[in-house]
Amino acid sequence: MKAVHFGAGNIGRGFVGLLLHQGGYELVFSDVAAPLVDAINAVDRYTVHEVGEGGRDTVVTGFRALNSAEHPDAVIEEIAGANVVTTAVGPTVLKFVAPLIMSGLALRDPSSPPLQIMACENAINATDLLRDEIKERAGDAWDALAGRAVFANTAVDRIVPAQPEGAGVDVTVEPFFEWAIERPPFGDDPPTIPGAHFVDDLAPYIERKLFTVNTGHATTAYFGARAGIDTIAAALADDDIAGRVSAALEETSALLAAKHGLDPASLADYRATILRRFRNAALPDTVWRVGRQPLRKLSRHERFVGPAAEAAERGLPVDALVDAMGAALAFDDTEDAQSVDLQRMLREQDAATVTAAVTGLEPQHPLFARVEAVVAARQAELGV
Ligand SMILES: NC(=O)C1=CN([C@@H]2O[C@H](COP(=O)(O)OP(=O)(O)OC[C@H]3O[C@@H](n4cnc5c(N)ncnc54)[C@H](O)[C@@H]3O)[C@@H](O)[C@H]2O)C=CC1
Ligand SMILES: O=P(O)(O)OC[C@H]1O[C@](O)(CO)[C@@H](O)[C@@H]1O
C-alpha cells in the first residue's frame, strides 16, 4: 500500500506521515522546499518525539521524498499508483497541488480501486475544496476522472510547533492526537489508519475542533502577543488571558451545544483537556506561530467569525469572541505577510471597509457593528 502525502512539514511528518506509516503504507512525501526534501532523502528513519505527560518516541521508516516543483511528473506517476493521497500544506495551497492530483488520476488505471483523498488542513471541508479545485481544472474530463477517486473530509488535531534549528527531520509534538475522518465516501473499504476514527457526519467534529481548539489557541496567541508574551504556555499562565480564553470558549461551546446538540458537560471536559494541552510547558510553541495568518483566521467561516456569526444570529453571547477579534487586529508580526497586510488595511481604510473585507460579513449582519467597533478601536490605537 502506498500513500503520497503533500507537505512534509510539521503536521506532515509529526502526525499524518506517522499514522500512515503505522497503518503500513509506504510513504512518499511531496514538498516544494528543496532543503527539506534533501534532508528527508538523506535519512532512512526519523523520530517523532512526544513531549509532556505520557510522551514517548516513535521511529518512522519506509519513506522517501519528491520535490514537486522540480519533478512534478514523478509525483504524478506516484499518485497514479497510490492508494491514498493526503495533504497538510495549508488551505490556501490546495489549489497548487490540485493539478498534480488531477494528472495522477488521468494516468491511473481506471480498473484500480479509487484513490482515497483526504486533505488534513485546519479548515471546514478542506477535502471538498481540494476536489472542487481538481474538478474545475479537469473541465469536461472530470466525468471520466471522478470515478477514480473518493474524497473524504477530515479533522486533524495535534499540536506540532515550529521545530528548532538543527532538529533535522525529527519532529517534536504533543502526546495528544485526534484524526476524525468521514466514513461514507469509502463504502466498505476505509483506509487502514490506526488511531483515526471514522464518523458518519464530520460536521460536529470539525466544528467542535476548529471552534474550540483553534479558537482557543488563536485567542491565547493574540492576547499573548498583545501583552508582549512570547509563548503559549506563558500566555495562559496569565490569569487575565486565561479568563479571556475560557470566556471565548464558553461562547463557542454554547453555540456547539445549540447547533449540534452536543452535551454541555462533555464540552466542558473537552475545553479543560484543551487548555491543559495548551499549558504543556515542554512544548516550545510561540504566539507567533499560533497567531500566523490572521486574515485567514479572521475570515468568514473560520475560528472567530464563523462561530460568532452563528451565535449572534441565534441571540447567543459573543462579547468574548469579539474581544478576541480585537486582539487579533493588533497582531503585528513583520515576518507574517498577512499580519503586515492587516496592519496596512487598518491604516488605509475606514472601519466599515476593513470589517467587510476581513470578515466577509454583510453590513446588516448582527455581528457586523460589533466587529466594526473593535476595528475602530484598533484604528484609534494606531492613531488613524
Ligand atoms: N502544526 C499544527 O499543529 C497543525 C497544523 N494543521 C494544519 O496542517 C497544515 C500544515 O501545517 P504545518 O504542518 O504546521 O505547516 P508547515 O509549514 O510546517 O508545513 C507545510 C509544508 O507544506 C509545504 N508546501 C507548501 N507548498 C507546497 C506545495 N505546493 N506542494 C507541496 N508542499 C508544499 C511547505 O514547504 C511545508 O513543508 C495547515 O493547514 C495547518 O492548519 C492542522 C493541525 C495541527
Ligand atoms: O495553520 P493553523 O490553523 O494555525 O494551524 C495550526 C493550529 O492547529 C493546531 O494544531 C490545533 O490542532 C494548533 O497547534 C495550531 O493552532
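The structure presented is a predicted model; accordingly, all values stated were derived computationally and were not measured.

Reading guide: rules and limits
- Residues numbered from 1 in each chain as written.
- Chains lettered and ligands numbered in written order.
- Predicted model: local features only at pLDDT ≥ 70, side-chain atom pairs only at ≥ 80, totals over all residues.
- Heavy atoms only, no water.
- UniProt positions renumbered as here; feature names shortened; annotations may be inferred.
- Helix = DSSP H or I, 4+ residues; strand = E, 2+ residues; numbered from the N terminus.
- Domains from an automatic or database assignment.
- Buried area = accessible area lost by both parts, 1.4 Å probe.
- Salt bridge = Lys/Arg side-chain N within 4 Å of Asp/Glu carboxyl O.
- Polar contact = N/O pair within 3.5 Å; in protein donor to acceptor, adjacent residues only side chain to side chain.
- Nonpolar A, V, L, I, M, F, W, Y, C, P; charged D, E, K, R; others polar.
- Buried < 20%, exposed > 50% of the residue type's maximum accessible area, 1.4 Å probe, protein only.

What follows deals with the UniProt feature "domain: Mannitol dehydrogenase N-terminal" (unreviewed entry) in the protein. Those residues carrying the UniProt feature "domain: Mannitol dehydrogenase N-terminal" (unreviewed entry) are residues 1–193 in this numbering. Helix and strand shares over residues 1–193 are 32% and 26% respectively, and the end C-alpha atoms of the span are 12 Å apart.

Considered domain by domain, the protein is made up of domain 1 (2–200) and domain 2 (204–381). The straight-line distance from the C-alpha centre of domain 1 to that of domain 2 is 28 Å. In total, about 1,800 Å² of surface goes out of reach between domain 1 and domain 2, with carbon and sulfur atoms giving 65% of it. On the domain 1 side of the interface with domain 2, the three residues burying the most area are Asn-122, Ile-124 and Ile-159, jointly 31% of the side's total. Put simply, domain 1 and domain 2 have three salt bridges between them. Put simply, Arg-208 and Glu-178 hold a salt bridge, and the shortest N to O gap is 3.6 Å. Joining domain 1 to domain 2, the criterion identifies six residue pairs in polar contact (both at pLDDT 80 or more). Broken down by element, the side of domain 1 that touches domain 2 gets its largest block of residues, four residues, from strand β9 (residues 154–157). Along the lines of polarity and charge, the residues of the side of domain 1 that touches domain 2 split into 15 nonpolar, four polar and four charged.

This brings us to the pattern of salt bridges. Evaluated as defined, the whole model comprises 23 salt bridges. The residue Asp-132 makes a salt bridge to Arg-131 at a minimum N-O spacing of 3.3 Å. Relative accessible area serves as the criterion here: at 38%, Asp-132 is assigned to the partly exposed category. Put simply, Arg-244 and Asp-323 hold a salt bridge, and the shortest N to O gap is 3.8 Å. Highlighted residues: Arg-244 in helix α9 (residues 239–260) and Asp-323 in helix α14 (residues 319–329), separated in sequence by 79 residues. On the basis of relative accessible area, Asp-323 is assigned to the partly exposed category, the value being 38%. Each of the salt bridges in this network shares a partner with another, and the network as a whole consists of Lys-2, Glu-26, Arg-64 and Glu-78.

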